[in-house]
Amino acid sequence: EIDIDTTSPIINNLNSFWRQSGKYIYFNISITENNFNEVNYNYVDSHGTTREKKLCSTLKNNMCTIKKTFLRGDYDLTINVFDEAGNSVGVPVNFAVN
């Protein structure tokens, strides 16, 4: 008998997993996933190139907690949570750094 993971990870705190303080974005993402792989974000830069950055490759108490610094500008990110089977969930995050 083989178990196959066909379910996407769950972000438990969708409405409150990030906050901004000036140029800093604090991510505190609560995740339910037995076969967690990583959390990343991607965006299209000013040259039209898609950029991808890793936020977490491990969870501590089912949390991905990290502070990131962003340069001045408007950002339209997608936060992606992946499991080891390739299932994922993506959530948009939009903010401006002045």
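Use the structure listed above.
Here the structure is a predicted model, which means the values were calculated and not measured. (Residues numbered from 1 in each chain as written. Predicted model: local features only at pLDDT ≥ 70, side-chain atom pairs only at ≥ 80, totals over all residues. Heavy atoms only, no water.)

Visitor: Just checking my understanding: could you explain the pattern of salt bridges for this structure?
Guide: Side chains that carry opposite charge are capable of pairing whenever their charged atoms lie near each other. As enumerated under the stated definition, the model contains two salt bridges in all. Between lysine 54 and glutamate 38 there is a salt bridge, with its nearest N and O atoms 3.5 Å apart. Separated by 16 residues along the polypeptide, lysine 54 in strand E5 (residues 50-56) and glutamate 38 in strand E4 (residues 36-44) bring together distant segments of the chain. Residue glutamate 38 is classed as buried on the basis of its relative accessible area, which comes to 16%. A salt bridge links arginine 51 to aspartate 45; the nearest nitrogen and oxygen atoms lie 2.9 Å apart. Given the relative accessible area of 14%, aspartate 45 is considered buried. (Salt bridge = Lys/Arg side-chain N within 4 Å of Asp/Glu carboxyl O. Helix = DSSP H or I, 4+ residues; strand = E, 2+ residues; numbered from the N terminus. Buried < 20%, exposed > 50% of the residue type's maximum accessible area, 1.4 Å probe, protein only.)

Visitor: How should I be thinking about the packing of aromatic side chains in this particular structure?
Guide: Within a pair of aromatic rings, the relevant descriptors are the distance that separates the centres and the angle that separates the planes. A full pass over the atoms with the stated rule returns seven aromatic pairs. With a centroid separation of 5.8 Å and 45° between ring planes, the pair formed by tryptophan 18 and phenylalanine 95 is classed as tilted. Here tryptophan 18 is found in strand E2 (residues 18-21), whereas its partner phenylalanine 95 is found in strand E8 (residues 88-97), with 77 residues between them in sequence. Taking relative accessible area as the criterion, tryptophan 18 reaches 27% and is therefore assigned partly exposed. Here phenylalanine 95 falls in the buried class, since its relative accessible area comes to 7%. Aromatic pair tyrosine 41 and phenylalanine 70: ring centres 5.8 Å apart, planes at 50°, arrangement tilted. Residue tyrosine 41 is located in strand E4, and its partner phenylalanine 70 is located in the loop between strand E6 (63-69) and strand E7 (73-83); the two are separated by 29 residues in the primary sequence. A relative accessible area of 6% places tyrosine 41 in the buried class. Taken together through their ring pairs, the aromatic side chains of Trp18, Tyr41, Tyr43, Phe70, Tyr75 and Phe95 make up a single cluster. One cation-aromatic arrangement involves arginine 19 over tyrosine 26; the distance from NZ or CZ to the ring centre is 4.3 Å. (Phe/Tyr/Trp six-rings, centres within 6.5 Å; stacked < 30°, edge-to-face > 60°. Lys NZ or Arg CZ within 6 Å of the ring centre and 35° of its normal.)

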